[in-house]
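An overview of the molecular structure
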Amino acid sequence: MKAGKERGRIGPAVASVLALIAACALATAVRIEVAFSDPNCDWKDPAGMLKSDPALLYYITERIVEAGGRPPADFRADPRIQHPVLTDIPGEFTVGQEFLAAWAFLACGGGMALHAFCVVLFSAIASLAAAGAWGLAREVTGSRAWAAVALALFCLLPANYRTIGFILIREDLSFPLFAVHLWLLARAARVPTPRAFLLAGIPLAAALATWHAMSFVVLLEVGCALLWFLRGGGGPFRVPGAAALLVAPIAAAVLVPAMSRAGLLLSAPMVLALALLAAGMVHRRGGRRGGALLAAAAVAAGGVALSRWGGSAAYGHVWDVLAAKVVHLGRLPADPDALSFDARLLWQGPFETLRRPGAWRLFGWGLLLAAAAIPRTAQVWWRGERPGEAGLYALLAASLVAAWMIERTSILAGLLIPVAGVAVLSRLARRWVAVGLAGAFLLLQGGAFPAVLTGHPLLWYVPRWRQAEIAALVEWVGENVPAEEAIAGDFMNSTAILAHTRRPIVLQPKYETESSRRRAQAFYETFFQGTPAQMRRLVRDGFQARYLLVDRYALGKIARTLGGLPDDDSPPPPGTAAAVFLSQDGGALAGEPGFELVYRSPPEIRQTGGAPTDLFRLYRLSD
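Residues numbered from 1 in each chain as written. Predicted model: local features only at pLDDT ≥ 70, side-chain atom pairs only at ≥ 80, totals over all residues. Heavy atoms only, no water.

**A few points about empty space enclosed by the protein**
Stated precisely, the cut-off is as follows: Cavity and pocket criteria rest on a 1 Å grid covering protein atoms alone: a 1.4 Å probe that fits but cannot get out defines a cavity, protein on both sides within 12 Å along at least 5 of 7 lines defines an open pocket, and an atom within 4 Å of a point defines a lining residue. Grid points are joined across faces, edges and corners, and a volume is the space filled by probe spheres set on the points. Each helix corresponds to a stretch of at least 4 residues labelled H or I by DSSP, and each strand to a stretch of at least 2 residues labelled E; elements are numbered beginning at the N terminus. Basically, the charged four are Asp, Glu, Lys and Arg, the nonpolar ten are Ala, Val, Leu, Ile, Met, Phe, Trp, Tyr, Cys and Pro, and anything else, Gly included, counts as polar.
Applying the stated rule across the entire model yields 7 cavities of 30 Å³ or more. Lining the largest cavity are 14 residues, with R31, A126, N160, F175 and I411 sitting closest to its centre. Sort the elements by how many residues they give to the lining of the largest cavity and helix α9 (residues 171-190) lands first, with 4 residues. Class assignment of the residues belonging to the lining of the largest cavity gives a composition of 8 nonpolar, 2 polar and 4 charged. Put simply, the second largest cavity is a space of about 70 Å³. Along its surface, the second largest cavity is lined by R31, C118, V119, F122, S123, T163, I164, G165, F166, I167 and D172. Sorting elements by how many residues they give to the lining of the second largest cavity places helix α6 (residues 114-127) first, with 4 residues. Grouping the amino acids of the lining of the second largest cavity by side-chain chemistry returns 6 nonpolar, 3 polar and 2 charged.

**Quick word on the packing of aromatic side chains**
Rule in force here: Classification of ring pairs rests on two measures: the distance between centres of Phe, Tyr or Trp rings, Trp counted by its six-membered ring, which must be within 6.5 Å, and the angle between planes, read as stacked under 30 degrees, edge-to-face over 60 and tilted in between. Relative accessible area decides the class of each residue, using a 1.4 Å probe on protein chains only: under 20% of the type maximum gives buried, over 50% gives exposed, and in between gives partly exposed.
Evaluation of the coordinates by the stated rule reveals 18 aromatic pairs. Their ring planes at 25° and their centres at 5.7 Å tell us that F166 and W460 sit as a pair that is stacked. Here F166, found in the loop between α8 (144-156) and α9, pairs with W460, found in the loop between α22 (431-453) and α23 (464-480); they are 294 residues apart in sequence, far enough to count as distant. F166 gets classed as buried once you look at its relative accessible area, which sits at 16%. Between F581 and F595 the ring centres are 4.7 Å apart and the planes differ by 50°, which places this aromatic pair in the tilted class. Taken together, the residues F581 in helix α28 (residues 577-581) and F595 in strand β5 (residues 595-600) connect sequence positions 14 residues apart. Assigned by exposure class, F581 and F595 land together as buried. Within the aromatic cluster, the residues linked to one another by ring pairs are F491, Y511, F523 and Y524.

**Here's the deal with the environment of A394**
Rules: The contact rule is simple, with two residues in contact once any of their heavy atoms fall within 4.5 Å.
Mapped onto the elements of the fold, A394 is located in helix α20 (residues 387-405). With 171 residues separating them in the primary sequence, A394 and G223 have C-alpha atoms 9.3 Å apart. Setting aside anything within four residues of it in sequence, one finds A394 in contact with C224 and W381.

**Digging into the pattern of salt bridges**
Defined as follows: One speaks of a salt bridge when a side-chain nitrogen belonging to Lys or Arg is within 4 Å of a carboxyl oxygen belonging to Asp or Glu.
The full count for this structure, using the stated rule, is 25 salt bridges. For the salt bridge of E98 with R170, the shortest nitrogen-to-oxygen distance reads 2.8 Å. Within this pair, whereas E98 is found in helix α5 (residues 96-107), its partner R170 is found in the loop between α8 and α9, the two being separated by 72 residues in sequence. The exposure class assigned to R170 is buried, which follows from its relative accessible area of 3%. A salt bridge links E171 to R408; the nearest nitrogen and oxygen atoms lie 2.7 Å apart. Within this pair, whereas E171 is found in helix α9, its partner R408 is found in the loop between α20 and α21 (410-426), the two being separated by 237 residues in sequence.

**Thoughts on the environment of Y619**
As a reminder of what qualifies: Whenever a nitrogen or oxygen atom comes within 3.5 Å of another N or O atom, the pair is scored as a polar contact, on the condition that within protein one atom can donate a hydrogen and the other can accept it, and that pairs from neighbouring residues in sequence are kept only if both atoms are in side chains.
Mapped onto the elements, Y619 comes out in strand β6 (residues 616-621). A sequence separation of 109 residues divides Y619 from K510, and the C-alpha atoms of the two residues are 25 Å apart. Not counting chain neighbours up to four residues away, the residues in contact with Y619 comprise R546, Y547, L548, F581, L589, F595, E596, L597 and V598. Side-chain polar atoms of Y619 contact the backbone oxygen of L589, separated by 2.9 Å.

**Brief notes about the layout of surface pockets**
There is about 1100 Å³ of room inside the second largest pocket. At the level of secondary structure, the elements contributing two or more residues to the lining of the second largest pocket comprise α7 (129-141), α9, α10 (194-209), α11 (214-231), α14 (268-284) and α20. Tallied by class, the residues present in the lining of the second largest pocket amount to 32 nonpolar, 6 polar and 6 charged.

**Some words on the sheet that holds β6**
This is how it is decided: Pairing between strands is defined by DSSP: at least two bridges between the two strands are required.
Read across the sheet, 4 strands follow the order β3-β4-β6-β5 without closing on themselves; strand pairing throughout is mixed. Lying at the two open borders of the sheet, with one neighbouring strand each, are β3 (487-488) and β5. When β3 meets strand β4 (residues 547-551), the two strands line up parallel, connected through 2 bridges. Across the sheet, residue A488 finds its bridge partner in β4, namely L548.

**Let's talk about unusual backbone geometry**
Look at the link from H83 to P84: it is a cis peptide, with omega at 5°. Structurally, the position occupied by P84 is in the loop between β1 (78-82) and β2 (85-87). Residues other than glycine seldom take positive phi values, yet I167 does so here, at roughly 70°. The phi angle at R502 is positive, at roughly 65°, despite the residue not being glycine.

**Describing the pairing of β1**
Relative to β2, β1 runs antiparallel, the two being bridged by 2 bridges. In the strand pairing of β2, D78 is matched with T87. Hairpin connection, β1 to β2: the antiparallel pair is bridged by 2 residues.

**Brief notes about the confidence of the model for the protein**
Low pLDDT means the predicted coordinates in that region are not meant to be read closely. Put simply, the rule is: For every residue, the predictor reports its confidence as pLDDT, a number between 0 and 100.
Looking at the protein, pLDDT values average 87 and 95% of them are 70 or higher. Under a pLDDT of 50 for its full length, residues 1-5 has, in the predicted model, 0 contacts with residues more than four places off or in other chains.

**Here's the deal with the packing of α8 against α22**
For the record, the criterion: Working convention: axes come from line fits to C-alpha atoms, limited for helices to the stretch in contact. Angles between N-to-C directions cover 0 to 180 degrees. Small angles under 35 degrees read as roughly parallel and large ones over 145 as roughly antiparallel, with 65 to 115 read as roughly perpendicular and the rest as oblique. Handedness of each helix crossing follows the sense of rotation of the near helix against the far helix: counterclockwise by less than a right angle gives left-handed, clockwise gives right-handed.
Direction vectors running N to C along α8 and α22 enclose 20°, while the axes themselves pass 9 Å from each other. The angle between the axes of α8 and α22 places the two elements in the roughly parallel class. Handedness of the α8/α22 crossing: left-handed. For the pair α8 and α22, the contacting residues are W146, V149, A152, L153, C155 and L156 in the first and R431, A434, V435, A438, F441, L442, Q445, G446 and F449 in the second. Considering only residue class, the contact of α8 with α22 consists of 12 nonpolar, 2 polar and 1 charged.

**Examining the nonpolar core**
Our working rule: Among the buried residues, those of types Ala, Val, Leu, Ile, Met, Phe, Trp, Tyr and Cys that are joined through side-chain atoms within 4.5 Å form a nonpolar core.
Counting residues in each nonpolar core, the largest one holds 186 residues, and the members touching the most others are F178, Y524, F527 and L548. Once you skip the residues sitting within four places of it in the chain, L548 turns out to touch A488, F523, M535, V539, F581, F595, R617, L618, Y619 and L621. Core analysis: the next-biggest nonpolar cluster, separate from the first, contains 16 residues, V477, I487, I497 and F616 among them.

**What about the packing of α10 against α11?**
In contact at an axis separation of 8 Å, α10 and α11 are set at 140° when each is read in the N-to-C sense. Relative to α11, the element α10 is oriented oblique. Contacts from L204, A207 and L208 of α10 reach α11 at M214, S215 and V218. Of the residues that constitute the contact of α10 with α11, the class distribution is 5 nonpolar, 1 polar and no charged.

**Let's talk about the side chain of R466**
Within the element layout of this structure, R466 appears in helix α23. Classification of R466 by relative accessible area gives buried; the value is 3%. In terms of polar contacts, R466 uses its side chain to reach the side chain of D551, at 3.1 Å. Ignoring anything within four residues of it in the chain, the contact list for R466 reads M492, N493, D551, Y553, A554, L615 and F616.

Pasting the structure below:
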């Protein structure tokens, strides 16, 4: 009888896995519920909801669906994304997410609207980052119980839900892969076999291949390993078989078109990783520390030289904005000319600096856990012990700095705070104190969590009348603008037109290439500093387009600094294209020579909710 009872019990390992499954399901349900209950969203008709990056990804996904899950015929030479230039989609964009969405949509029969299906699918996939937190905590603490605590804390931090309702956004696929990589890397450190390191490198390669920005997250990881090596600890590749970690990332850097074109093989994280690999090889052959340092320095210097000679400028704008944020202490300078155009281009939206209210909103009581890790960080680094734990704390510190500099990277800190927190608590001498503190954190953050995620509309879809104006615009364009005619406009609305009407556009919001950034610079600086005649010449001769779209919100408010104007409510300089086309004077809008006003936001939409919005003007340029 007793043996039967033993067989009926759920073992600790099974219980731990069940807890992980339940946590992922809960996080998925939260994401779906918050998105689908938002009053500003329409999950049956995407008209009005698609804009900026998600609209571009939706366009690519829908075309793959239409091609039956295969690449469209013009996949390597798309004529619509950056007219009149042909765009090599897999060469310029990391397109793994689009194929995954298209294949899943086709496999499920397409019974749901594609944009709603993408929200459901990537709610589930984004929630799999919880598996990384669980596994990493399990490896660091050696305890399933503490892994369960980290899992619960992960699910309660709002930072881990930042992309709710975005439809399609790169990190929803790439970041869970990176989280799993960290877990498998910690496991490989415990079970150091070539197979274990190879396995840890596979999700890392997939993460790099599905989000351009992931290379900067990996740079933080490699940078922490480099600091440990310079401090006097053994490099990560001192362990036999650890070189297998780089097999998959190197293969991705060579074989994935977007990674190859962006120069991933000569990027900073790859060069530093290869430098550490060289140092590890010297160590394993019995060389001294001086020789290892010399080998690492030689490889790093060679990598830098090669990258300057034949590298890509894909990430130049990121380095510009990071340097600018350091120089200006995270505050946007009042004078736009204090920044390069590329820095101004990236310093907006999710790339804004994170302020204290935003930090509390994202991390809540987890900030206290992060602070609690400071003494333990100093201890392990001072003593030079526990390299895995030391790396975890260093990466947490780096992630918090990164989150301050660019809010979008807060997901990394959201992953690491729970893991580092339980690592600290698990080392406390008095177990009852550790358990009590863990319970207190869970209760405090659990109490704050519902208020953060309920009752607040998704800011991406606020205000609702803006979605109505976009829907009216794309409907009119689809019915009245010839299919082959290109439309020049801002990043946000151009992709809405592309996704809904398939009309060619001039600017796209994924400006990883030098040429795409220079096109944007010409458009915005001419609009805000040039005359209408100069704007007409740029659109007609430079972009070979006959239509110009002007949005009083996207251009008149969000994009002012891109054109070199202060970020305030001052009017544009007289005589400029901005002064004319952002006006609400009907006579001025319709009276500019060479510009025929063919569309303006309809009066019934302009007065929605009693608020005069009047966002859009579409001009046809005469020959």
